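# Examination of the molecular architecture
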Amino acid sequence: MYRFLMSRRWLVRTLAGILLVLVCVRLGMWQLDRNEERSARNDIIEANEQAPPATLEEVLGPDPTSGQLDESEQWRSVEVRGRYDTEHELLLRLRPLEGRRGFHVITPLVTDDGTAILVDRGFYVSDDDDPDAPAPPAGEVTVAARLRGTEDQRDAGDVAGGHIRYVNVEQIAEAVPYPLVPAWAEAVEPAGDDLLALPQPEADPGPHLSYALQWFIFAVVGVTGFVLLIRAEAKGRGPEPTDSAAADDAGEAAPDDAADGPARATGRPAD
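These numbers were taken from a predicted model, which means no experiment stands behind them.

### Considering the packing of aromatic side chains
Applying the stated criterion across every chain yields a total of two aromatic pairs. Between Trp215 and Phe218, the ring centres sit 5.5 Å apart and the planes meet at 85 degrees, which makes this aromatic pair edge-to-face. In this pair, Trp215 and Phe218 are both assigned in helix H4 (residues 208-237), three residues apart and thus about one turn of the helix distant. Between Arg121 and the ring centre of Tyr84, over which it is positioned, the NZ or CZ distance is 5.8 Å. Taking the ring centre of Tyr166 as reference, the NZ or CZ of Arg165 above it sits at 4.8 Å.

See the structure below:
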């Protein structure tokens, strides 16, 4: 009944159906991986939100400039004391805040030991391509901030021109006269007039789990639909004759052929 599946047309259909189902399953697994990554990130955010503020030495070690920010310390609250260096200030572009165009103002905060950390002082709303950012507080200040990992996977941009696209600390360190901590920080409160506060990170689970379920449902629907299509094709073709049935039909026709034999041989009707 299902011999038609060996035809070229149905072999192509079967291969295409298998590939489609595999793609749906793979996309579902990918969304599950994304969901696990998001869950791990949310756990880090929630844990560090509840942790008391720390110093850079407590997070990065006795020499913060030679340490590395562990993934588990992302968004960790710290308190840093120093002076803002506006001479080496940078504007982080193409990162709007709540739909508003502007720049993140990144200013090095130089500590007493001569090291510095890049601090995002806040968001400045501006349509200008090269605005004059509000000045930071003068003198020595204590800044409460959230630590962020360096974005060293991308090129920082025009560091010399004061406009960057990514906070690549290693590249930015080449343009400043002091060692930088291999991380940067977002100020909890805006440091300067007319600057907007940066929102806290949200522990949002995202839609990845629902997307994964959708892809798995697509795979199940594809398999079910293909099985129904095969059954409908088989039903429309009807049952195929078996070898025994063909032999019986040949046996029934044999006596008639034998009876006709004498007539054919003599050329006259048989008695």
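### Observations concerning a nonpolar patch on the surface
On the surface, Leu209, Leu213, Ile217, Phe218 and Val221 cluster together to form a nonpolar patch covering roughly 490 Å² of accessible area. Tracing the backbone through its elements, the reader meets Leu209 in helix H4. Taking relative accessible area as the criterion, Leu209 reaches 43% and is therefore assigned partly exposed.

### Thoughts on the environment of Arg83
Within the element layout of this structure, Arg83 appears in strand E1 (residues 77-84). Once the C-alpha coordinates of Arg83 and Leu109 are considered, the two residues, 26 residues apart in sequence, prove to be 5.3 Å apart. The residues contacting Arg83, other than those within four sequence positions of it, are Pro108, Leu109, Val110, Gly139 and Glu140.

### Regarding the environment of Glu79
Along the polypeptide, Glu79 turns up in strand E1. Along the chain, Glu79 and Leu147 lie 68 residues apart, while their C-alpha atoms are 10.0 Å from each other. With residues up to four places along the chain from it excluded, the contact list for Glu79 reads Pro53, Ala54, Thr55, Thr142 and Val143.

### A closer look at the pattern of salt bridges
Pairing between side chains of opposite charge can happen when the charged atoms of each approach one another. The full count for this structure, using the stated rule, is nine salt bridges. Notably, a salt bridge pairs Glu233 with Arg9, separated by 3.7 Å at the nearest N-O pair. Of this pair, Glu233 sits in helix H4 while Arg9 is found in helix H1 (residues 8-50), placing the two residues 224 residues apart along the sequence. Of the charged contacts, one joins Glu151 and Arg95 as a salt bridge, the two residues approaching to 2.7 Å between their closest N and O atoms. Taken together, the positions of Glu151 in the loop between strand E5 (140-149) and strand E6 (157-158) and Arg95 in the loop between strand E2 (90-92) and strand E3 (102-110) put the pair 56 residues apart, joining distant regions of the chain. On the basis of relative accessibility, which here comes to 9%, the residue Glu151 falls in the buried class. What you see here is one network of salt bridges that share partners, running through Arg146, Arg148 and Glu186.

The rules behind the values
Residues numbered from 1 in each chain as written. Predicted model: local features only at pLDDT ≥ 70, side-chain atom pairs only at ≥ 80, totals over all residues. Heavy atoms only, no water. Phe/Tyr/Trp six-rings, centres within 6.5 Å; stacked < 30°, edge-to-face > 60°. Helix = DSSP H or I, 4+ residues; strand = E, 2+ residues; numbered from the N terminus. Lys NZ or Arg CZ within 6 Å of the ring centre and 35° of its normal. Patch = residues over 30% accessible without salt bridge, like charges linked within 9 Å, V, L, I, M, F, W, Y side chains within 5 Å. Areas by Shrake-Rupley, 256 points an atom, 1.4 Å probe, with all protein chains shown as cover. Salt bridge = Lys/Arg side-chain N within 4 Å of Asp/Glu carboxyl O. Buried < 20%, exposed > 50% of the residue type's maximum accessible area, 1.4 Å probe, protein only. Contact = heavy atoms within 4.5 Å.

Scope: geometric values only; no functional claims are made or implied.
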